[in-house]
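Take a look at the letters that make up each chain.
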Amino acid sequence: MTELAPVNADITLQQLDRDPFPIYKRFRAESPVLRVQAVGRTLLTKAVDTRYVKEHPTLFSNDDPNTPMKRAFRAHTLMRKDGHAHQRERDAMQQTFHPAVIRDEWAPRYEAIAEDCVSRLPRGEVVDLFQALSGPYAARGLAALLGVDEAHDADMQRWSQCLIDGAGNFGWQDEPFARSDSANDEMDTLFDSLQARHKAQPNPSAFSVMLNADDPIPLSQIYANIKIAIGGGINEPRDALNTILFGLLTHPDQLAEVKQKSDWGKAFEEGIRWVAPISVSSRLATEDTEIRGFRIPKGDTVMTVQASANRDEDLFDDGESFNVYRDKKPHQAFGNGPHFCPGSHVARRAIAQIMLPLLFECFPNMRLPDPAAVPWRGFGFHGITALPVHLA
Ligand code: HEM
């Protein structure tokens, strides 16, 4: 009989929230399969293991009843489904993410939104780009893509945060669920009011595509999956943009080369490799199995740490550093397997092809006055929480 993985009883959630990377580095070296008490899960920190788990969905299910996600969303979203049930709901919004639709519909929309956001930025001042740019840009673009254009940017961001806080409420406290309940009520009211428009004027937005399908999924699931996209489609592009800006502004030599060669796509991939916006994902073992010779009992929840996989020494030389021109290797920031992020191409287009070149063209001399003071945080989602940049 193989042994269970070792236990770590020291690391706290606060430590993982503030500065997880040195901890992951140690875990990779000492115990890549580790039952971390503070998290209540078995953490996997090596790239080969995180990929293996996500690529074997019958052995590692997304349908984990132990997470507060269902309660937060008041629904069983596609993200927590497996097999045919998952595929059916994912397919229902697939047309929205089709490359031709991204090119013809979303790219011009994102361009207009980017120009509007950038034109509002003051010149010659220090501005928090999290508040003034990356948050609103992510929210506005997503609202268009999902067909909820009527939602205010601030509401989109608040709903997203309430859903995330509810889904991460592992202590099952009342307050985060009260906030996610209010957000759900507001979103339901908005979605109810939008049905007539989408029925009268079918369009490529996710809401319209799902609503007007020949064989639509239930309306409750349409709502649930728009909500999962709101919960999972704002933070990541926002945090990715902030991270890439931080990486480039703290590495002027790389920035100069990126500008000269228009290597914005490479900068994007390196930014999300370096700090994966979604750091971890949970999967439930459906039967007794093994990873790296350790027993993973049926019913155990493993956590794939893609933030760590993306810095794995087996794949990346000096993975702790931001280096746009490192040897190209596959990162896992968009996940793997059947739940691979459907928004990956939209995100690449919106950030690498639209926002980054536009921003650096308008503000060629922008600089980060105090990189050491830039705050980073988050365990499930890790990113910058304020990015004061001098715009010039
Ligand atoms: C840089 C930007 C983004 C990153 C890094 C990112 C990352 C991810 C990751 C890692 C997953 C898989 C989670 C898992 O395996 O459990 C995922 C799933 C998902 N993402 Fe993204 N995402 C980004 C942008 C977007 C955007 C713009 C949308 C727009 C709608 C989106 C919608 C979704 C949805 C709906 C899922 C669930 C897919 C499923 O369960 O089948 N994401 N994303």
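This text goes with the structure placed above it.
Residues numbered from 1 in each chain as written. Predicted model: local features only at pLDDT ≥ 70, side-chain atom pairs only at ≥ 80, totals over all residues. Heavy atoms only, no water.

**Some thoughts on the site of the ligand**
Short version of the rule: Proximity is defined per residue: any heavy atom of the residue falling within 4 Å of a molecule or strand makes that residue near it. Think of a polar contact as two N or O atoms within 3.5 Å of one another; within protein, one of them needs to be a possible hydrogen donor and the other a possible acceptor, and neighboring residues in sequence only count if both atoms come from side chains. Helix and strand labels come from DSSP, where a helix needs a run of H or I of at least four residues and a strand needs a run of E of at least two; each type is numbered from the N terminus. Asp, Glu, Lys and Arg are counted as charged, while Ala, Val, Leu, Ile, Met, Phe, Trp, Tyr, Cys and Pro are counted as nonpolar; the rest, among them Gly, fall into the polar class.
Lining the immediate surroundings of the ligand are 26 residues, of which H86, R90, R283, H339 and C341 lie closest. A distance of 3.5 Å is found between a nitrogen atom of the ligand and a backbone nitrogen or oxygen belonging to G232. For the ligand, an oxygen atom lies 3.4 Å from a polar atom in the side chain of S281. Looking at the shell around the ligand, the elements with two or more residues in it are α5 (83-92), α7 (129-146), α11 (219-233), α12 (235-249) and β6 (280-285). Its residues assigned to classes, the shell around the ligand shows 15 nonpolar, 7 polar and 4 charged.

**Observations regarding the coordination of the iron atom of the ligand**
Ideal coordination angles are 109.5 degrees for a metal with four donors arranged tetrahedrally and 90 or 180 degrees for a metal with six donors arranged octahedrally. Test applied: Coordinating donors are taken as N, O and S atoms within 2.8 Å of the metal, stretched to 3.2 Å for Na, K and Ca; because water is absent from the atoms, sites can appear incomplete.
Coordination of the iron atom of the ligand by the protein involves just one donor, C341 (SG), at a distance of 2.3 Å. Tracing the chain through its elements places C341 in the loop between α15 (306-309) and α16 (344-362).

**Side note on α16**
For clarity, the cut-off: How far a helix is expected to stretch is found by multiplying one less than its residue total by 1.5 Å. Throughout, a contact is declared for two residues whenever any of their heavy atoms are within 4.5 Å.
Here α16 spans 26 Å end to end across 19 residues, near enough to the 27 Å set by a 1.5 Å rise per residue. If you follow the buried residues of α16, they end up packed against α6 (99-119), α7, α12, α13 (252-261) and α14 (264-274).

**Notes on the sheet that holds strand β9 (residues 301-305)**
Paired through backbone hydrogen bonds, the strands of a sheet run either parallel or antiparallel to each other. The test is simple: What makes two strands pair is DSSP finding at least two bridges between them. Under this scheme, a helix contributes an axis fitted over its contacting stretch, all axes are lines through C-alpha atoms, and angles between N-to-C directions fall in the 0 to 180 degree range.
In space, the 6 strands of this open sheet follow the order β1-β2-β3-β9-β6-β4, with mixed pairing throughout. Here the strands that pair on one side only, and so sit at the sheet edges, are β1 (7-8) and β4 (60-61). Where helix α3 (residues 47-54) meets the sheet, its contacts fall on β3 (41-44), β4, β6 and β9, and the angle it forms with β9 comes to roughly 125°.

**Some thoughts on the layout of surface pockets**
Heads up, the condition is: The pocket and cavity definitions rest on a 1 Å grid over protein atoms only: a 1.4 Å probe that fits but cannot leave marks a cavity, an open set with protein on both sides within 12 Å along at least five of seven lines marks a pocket, and residues lining either have an atom within 4 Å of a point. Grid points are joined across faces, edges and corners, and a volume is the space filled by probe spheres set on the points.
Quantified by volume, the second largest pocket comes out at close to 390 Å³. Along the walls of the second largest pocket sit 19 residues, with E269, E270, K328, K329 and H331 positioned nearest its centre. A total of 4 residues in the lining of the second largest pocket trace back to one element, the largest contributor, which is α14.

**Comments concerning the packing of helix α9 (residues 174-200) against α11**
Packed helix pairs are characterised by how far apart their axes lie and by the angle those axes make with each other. Rule in force here: An angle below 35 degrees is read as roughly parallel, one above 145 as roughly antiparallel, one from 65 to 115 as roughly perpendicular, and any other as oblique. Helix crossings fall into two classes, left-handed where the near helix is turned counterclockwise from the far one by less than a right angle and right-handed where it is turned clockwise.
As a packed pair, α9 and α11 sit with axes 11 Å apart at the nearest point and diverge in direction by 120°. One element, α9, and the other, α11, form an angle in the oblique class. Note that α9 runs across α11; the crossing there is right-handed. In this structure, α9 contributes N184, M187, D188, F191, D192 and Q195 to the contact, and α11 contributes L219, Y223, I226, K227 and I230. For the contact of α9 with α11, the per-class residue count stands at 6 nonpolar, 2 polar and 3 charged.

**Description of α3**
Keep this limit in mind: We call a residue buried when its accessible area falls under 20% of the maximum for its residue type, exposed when it is over 50%, and partly exposed in between, using a 1.4 Å probe and counting protein chains only.
Listing the buried residues of α3 in full gives A47, D49, T50, V53 and K54. Looking at the buried side of α3, the elements it contacts are β3, β4, β6, β7 (289-291), β9 and α15.

**A look at the packing of aromatic side chains**
Rules: Each aromatic pair joins two rings of Phe, Tyr and Trp (for Trp, the six-membered one) with centres within 6.5 Å, and gets the label stacked for planes under 30 degrees apart, edge-to-face for over 60, and tilted for any other angle.
Applying the stated criterion to the full structure yields 14 aromatic pairs. Ring geometry for F21 against Y24: centres 6.2 Å apart, planes inclined by 85°, an arrangement best described as edge-to-face. Here Y24 and F21 lie together in helix α2 (residues 20-30), a separation of 3 residues that amounts to about one turn. Judged on exposure class, the residue F21 and its partner Y24 are both buried. Ring centres 5.5 Å apart and planes at 65° place the aromatic pair W274 and F322 in the edge-to-face group.

**A short note on the pattern of salt bridges**
Basically, it comes down to this: Salt bridges are defined as contacts in which a side-chain nitrogen from Lys or Arg sits within 4 Å of a carboxyl oxygen from Asp or Glu.
Enumeration over the complete set of coordinates arrives at 31 salt bridges. With a closest N to O distance of 2.6 Å, D49 and R292 form a salt bridge. Of the two residues, D49 is situated in helix α3 and R292 in the loop between β7 and β8 (294-296); the sequence distance between them amounts to 243 residues. The buried category is assigned to D49, whose relative accessible area is 8%. Residue classification places R292 among the partly exposed residues on the basis of a relative accessible area of 41%. With a closest N to O distance of 2.9 Å, R179 and E175 form a salt bridge. Note that R179 and E175 are positioned in helix α9 at a spacing of 4 residues, about one turn of the helix. Counted as one network, the salt bridges with shared partners bring together R71, R74, D181, D185, D188 and K227.

**Some points on the pairing of β6**
With respect to burial, β6 is a largely interior element, 6 of its 6 residues being buried. The side-chain alternation of β6 yields two buried faces, one formed by V280, S282 and L284 and the other by S281, R283 and A285. Both β4 and β6 contribute to a ladder of 2 bridges, which runs antiparallel. Counterpart to S61 in the pairing with β6 is L284. Note: β6 against β9, 5 bridges, orientation antiparallel. By the bridge assignment for β9, R283 is matched with V302.

**Some thoughts on unusual backbone geometry**
The phi dihedral of R74 falls on the positive side, at around 50°, and the residue is not glycine. The phi angle at R292 is positive, at roughly 55°, despite the residue not being glycine.

**What to know about the nonpolar core**
Here is the rule: Take the buried Ala, Val, Leu, Ile, Met, Phe, Trp, Tyr and Cys residues and link them wherever side-chain atoms come within 4.5 Å; each set so joined is a nonpolar core.
Grouped together as the largest cluster of nonpolar side chains are 107 residues, with contacts concentrated most on Y137, V148, M156, I230 and L248. It is α16 that provides the largest number of residues to this core, a total of 11 residues. Apart from residues no more than four positions distant in its own chain, L248 is found in contact with L255, V258, W264, A267, F322, V324 and F360. Core analysis: the next-biggest nonpolar cluster, separate from the first, contains 10 residues, V53, L59, I296 and V302 among them.

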